[in-house]
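# Coordinate inspection notes
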Amino acid sequence: MKVTDLSGLPDGVPAHLQNQGVEELYPPQAEAVEAGVTEGRNLVASVPTASGKTLVAKLAMLSSIERSRQRGRGGDGNGTALYIVPLRALASEKADEFAELERFGLDIGVATGNYQSDGEWLGDNDVVVATSEKVDSLIRNGATWMQDLDCVVADEVHLVDDAQRGPTLEVTLAKLRQRLPDLQVVALSATVGNAEAVADWLDAALVDSTWRPIDLQTGVHYGNAIHFDDGSQRELAVGSKNQTAAIVEDTLADDGSTLVFVNSRRNAEASARRLASVTGGAIDAEDRERLREVAGRIREVSDTETSEDLAAAVEQGAAFHHAGLASEHRSLVEEAFRDRLIRVISATPTLAAGVNTPSRRVVVRDWQRYDGTAGGMQPLSALEVHQMFGRAGRPGLDPYGEALLLASSHGELEELFDRYIYADPEPVRSKLAAEPALRTHVLATVATGFATTRSALLEFLQETLYASQTDEAGRLESVTDNVLAYLDRNGFLEREDGGMTATRTGHLVSQLYVDPMSAAEIIHGLEDAGAEPSALGLYHLVSRTPDMYRLYLRSGDDETYTEIAYDREDELLGHAPTEFEEGEWEDWLSALKTAKLLEDWADELDEDRITERYGVGPGDIRGKVDTAEWLLHAAERLAAELDVASTTAVREARIRVKHGVSEELLDLVRAENVGRKRARRLYDAGVETRQDLREAPKSTVLGALRGREKTAENVLEGVGHPAPSMDDVERDEAAIPEDDGRDENRAQANLEDF
């Protein structure tokens, strides 16, 4: 099908596609159009990576907006298209990609965080990109513009199978479909083992295709050869190298790049260090200079060993990628890999479901990972491995894609073929019927008035994917009744004569977007807190909630944190378990370790010291800080609602952990462009408040900020200084901080400053 045959789109779209070199649609795209995706028909597209799913989404959204314009609905006649993604990073990437649609008079908006917002400003956009959690939050907080939705696209829809994120996507789609009977739903995935079941659930047409614009060869490397799925073999000798290094070297010889998937952060970092010796010799002078620039930007992100190790690998054309990196680290690595500066990334499996990072070859080095629930190493699912395989090959740059597993014996060779190469991805199964998943969604369903009786609630839940899949009669009803009893018992719901209403507290908990069990834990702790709970006590309280991913206890930690627990037991809120309650006591100590990290951050301990002390990466620190700030915001709102005496203390603890500062810096750190380190340097120079900053001699400010004129000007502008220019200003030598020489040549754009 030629793009000139397309109809129902805004003027100029076919011509724009032609200008981009798209003369004909790929076969799966043509199937989608023939199935009615540009006419408002629901569609499930199970199509391999790089086979044109995003264009299908664009055609659906553009045609829905054009139909809305023709109907002349609402003011300017525009409805709204919603694009749901699983990750924040993917939301930003898609928003950038959709920016090209602005040439057709469309406005693009992106929303991820701030879960207690109605997001009314988003209603001014034609296309909104958001995570499923944000969409769920918008529904809870009554975003009126969502009544104007014409089309919703669910990207990576196979993630309804994910126990953490899946129920939110599932319930959100079910609510939108029930509220908006004419809503067009387009679901996209590269790996859905039971695409027909998902299509049946969504009343959708199905495009289930294996077509790819370039060939993908899959196989297993064993001995000195690659054994392919078609029965052929190709020699790839290992020699003195290990299998991974030999494959990377072979790929470089053909001017290709490689993604290597391993099973842990430590293995990702170790693999990148080893492979840097392979890639380093294949870099020309121009690329080496560009890699030095990327490495410099990586070092600017944080003063940690992780940052330095990553930069050192990047200078040699290699990198690692895992959740312990700061988001800026990951973005820099992904961009340099797409530009083919970095030639190999060693990554944990999270990258497979993330942003756009295709490569010539994908190597799944580790096909097992540790599973604590199973007590040992367990095989990856076929779905996960197929997601990794899908990253191989990029149209326009690669003549083919190649995805390989590694075998160390002939028996393992046969097992890998049976388990992954010849196997289809597992069927997607709903994870909704579990109390942790249902707690938050049942409360939100009642609080928003979506269901006000038990029968109405159960009727709604019958529209979910779980209800269409289950053969366990009565399980969903049983779990729902348990959840309702829990919400009633904790004062979030009231039930009378068959009706259900959310209490004031229940409404607030739903809007705050916290797990009701987290809210119950926080409420009980606040009621026990008195007027002035310590920051550690509050950090420990929120670290005990199911919404906080706590730090693991390493060898020797039990003794260390048991001693801290007894030394500071008067600060810890709520009823403490005893050491004889083994599981509960370990959870208590794990939360205490997490709280101590937060306390160290708020006491201005350097980021590199924190990463060393707790065995975490800079991304872990930011994750814990962001989660603690969110939960403390919820605690602050709950404290005000319950009229307990600790509201002020909670607010102070929240602001301290947000900025990573001691109490005396709370005013100064509120100034624009002043982070924790700049605030400390200014304070030590005698500039203690924002008012002081406006009135201080400019020479003092310049000295405290280590002679950086542009930085000093930006800081003074941020507090409204009438003349922030540093022209002809000499820095006050007495104001120079003691650490001035430590990183004089390093830019200050890192986590500790911002």
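Residues numbered from 1 in each chain as written. Predicted model: local features only at pLDDT ≥ 70, side-chain atom pairs only at ≥ 80, totals over all residues. Heavy atoms only, no water.

It is worth spelling out the overall build of the protein chain at this point. Within the protein chain, the regular secondary structure consists of 30 helices and 19 strands. Its C-alpha atoms give the protein chain a radius of gyration of 28 Å, within 12% of the compact-globule value 27 Å for 754 residues. C-alpha extents for the protein chain along the principal axes are approximately 75 × 70 × 60 Å. Within the protein chain, the proportion of its 754 residues that are buried is 57%. Within the protein chain, contacts between residues at least 6 apart in sequence are counted, and of these 70% link residues at least 24 apart. Working note: accessible area of the protein chain is about 31,200 Å², and carbon and sulfur atoms make up 43% of it. Where the 78 positive side-chain charges of the protein chain centre and where its 137 negative ones centre are 2 Å apart. (Helix = DSSP H or I, 4+ residues; strand = E, 2+ residues; numbered from the N terminus. Rg over C-alpha atoms; globule rule 2.2 N^0.38 Å. Buried < 20%, exposed > 50% of the residue type's maximum accessible area, 1.4 Å probe, protein only. Contact = heavy atoms within 4.5 Å. Areas by Shrake-Rupley, 256 points an atom, 1.4 Å probe, with all protein chains shown as cover. Lys, Arg positive; Asp, Glu negative; His and termini not counted. Charge placed at Lys NZ, Arg CZ, Asp CG, Glu CD.)

As a further point, take the nonpolar core. Counting residues in hydrophobic clusters, the biggest one holds 74 residues, and the most contacted among them are Leu438, Leu487, Phe492, Leu526, Tyr539, Leu598 and Leu638. Looking at which domains feed residues into this core, each of domain 3 (435-512) and domain 4 (516-660) gives three or more. Apart from residues no more than four positions distant in its own chain, Phe492 is found in contact with Leu443, Leu487, Thr501, Ala502, Thr503, Thr505, Gly506, Val509, Pro516, Ala519, Ala520 and Ile523. Of all hydrophobic cores here, the second largest spans 61 residues; its members include Val260, Phe261, Val294 and Ala347. (Core = buried A, V, L, I, M, F, W, Y, C linked by side-chain atoms within 4.5 Å. Domains from an automatic or database assignment.)

Take the packing of aromatic side chains next. Tallied over the full model, the rule gives seven aromatic pairs. A ring pair is formed by Tyr83 and Phe98, whose centres lie 5.0 Å apart and whose planes are at 75°; its orientation type is edge-to-face. Taken together, the residues span a long stretch of sequence, with Tyr83 in strand β2 (residues 80-85) and Phe98 in helix α4 (residues 88-98) at a distance of 15 residues. The same class applies to Tyr83 as to Phe98, namely buried. Where Tyr549 meets Tyr552, the ring centres are 6.4 Å apart and the plane angle is 85°; that geometry is what we call edge-to-face. Summarising the burial analysis for this pair, Tyr549 and Tyr552 share the class exposed. If you follow Lys175 out to its NZ or CZ, it ends over the ring of Phe450, 5.9 Å from the centre. (Phe/Tyr/Trp six-rings, centres within 6.5 Å; stacked < 30°, edge-to-face > 60°. Lys NZ or Arg CZ within 6 Å of the ring centre and 35° of its normal.)

Below, the discussion takes up the sheet that holds β2. Taken together, the seven strands give an open sheet; going across it, the order is β3-β4-β2-β5-β6-β1-β7, and neighbouring strands pair in parallel fashion. Of all the strands in the sheet, the pair left with one neighbour each is β3 (108-111) and β7 (205-208). Recorded for the sheet is a direction-independent mean angle of 15° between the axes of neighbouring strands. As paired strands, strand β1 (residues 43-46) and β7 are joined by four bridges and run parallel to one another. By the bridge assignment for β7, Leu43 is matched with Ala205. Sitting on the sheet, helix α5 (residues 132-140) touches β2, β3 and β4 (127-131), and the angle it makes with β4 is about 105°. Helix α6 (residues 166-179) rests against β2, β5 (149-154) and β6 (184-189) of the sheet, and its axis sits at about 160° to β5. (Pairing = 2+ DSSP bridges. Axes fitted to C-alpha atoms, helices over the stretch in contact; angles between N-to-C directions.)

On to the sheet that holds strand β17 (residues 401-406), then. Strand order in this open sheet of eight strands is β10-β9-β8-β17-β14-β11-β13-β12, and the pairing throughout is mixed. Because the sheet does not close on itself, it has two edges, and the strands there are β10 (233-235) and β12 (318-321). On average, each strand axis in the sheet is tilted by 25° relative to the strand beside it, whichever way the strands run. Each of β11 (258-261), β12 and β13 (344-347) touches helix α12 (residues 327-338); the most contacted strand, β12, lies at about 135° to it. On top of the sheet, helix α13 (residues 382-389) reaches β8 (216-222), β11, β14 (361-364) and β17; it is set at about 150° to β14, its chief contact.

Another point: the domain arrangement of the protein chain. The domains assigned to the protein chain are domain 1 (3-208), domain 2 (224-421), domain 3 (435-512), domain 4 (516-660) and domain 5 (664-744). Once you take the C-alpha centre of each, domain 1 and domain 5 turn out to be 47 Å apart.

Inspection of the secondary structure assignment puts Ser63 in helix α3 (residues 53-71). Exposure remark for Ser63: the relative accessible area of 0% places this residue in the buried category. At 2.8 Å, the side chain of Ser63 forms a polar contact with the backbone oxygen of Leu59. (Polar contact = N/O pair within 3.5 Å; in protein donor to acceptor, adjacent residues only side chain to side chain.)

A surface patch of like charges, here negative, comprises Asp558, Glu559, Glu563, Asp567, Glu569, Asp570, Glu581, Glu582, Glu584, Glu586 and Asp587. Counting only elements with at least two residues in the negative patch, the list comes to α22 (557-567) and α23 (582-602). Here Asp570 is to be found in the loop between α22 and α23. The exposure class assigned to Asp570 is exposed, which follows from its relative accessible area of 77%. (Patch = residues over 30% accessible without salt bridge, like charges linked within 9 Å, V, L, I, M, F, W, Y side chains within 5 Å. Salt bridge = Lys/Arg side-chain N within 4 Å of Asp/Glu carboxyl O.)

Moving on, we come to the pattern of salt bridges. Taken as a whole, this structure holds 46 salt bridges when the rule is applied. Ionic pairing is found between Glu571 and Arg568, a salt bridge with its closest N-O pair at 2.8 Å. According to the relative accessible area criterion, Arg568 is partly exposed, its value standing at 22%. Members of the salt-bridge network, linked through shared partners, are Arg234, Asp250, Arg361 and Glu402.

A few words now on the packing of α22 against α23. Here α22 crosses α23 at 80°, and the two axes come no closer than 9 Å. The angle between α22 and α23 falls in the class roughly perpendicular. Here Asp557, Asp558, Tyr561, Thr562, Ile564, Ala565 and Tyr566 of α22 lie close against α23, whose contacting residues are Trp585, Leu589, Leu592, Lys593 and Lys596. (Parallel < 35°, antiparallel > 145°, perpendicular 65-115°, else oblique.)

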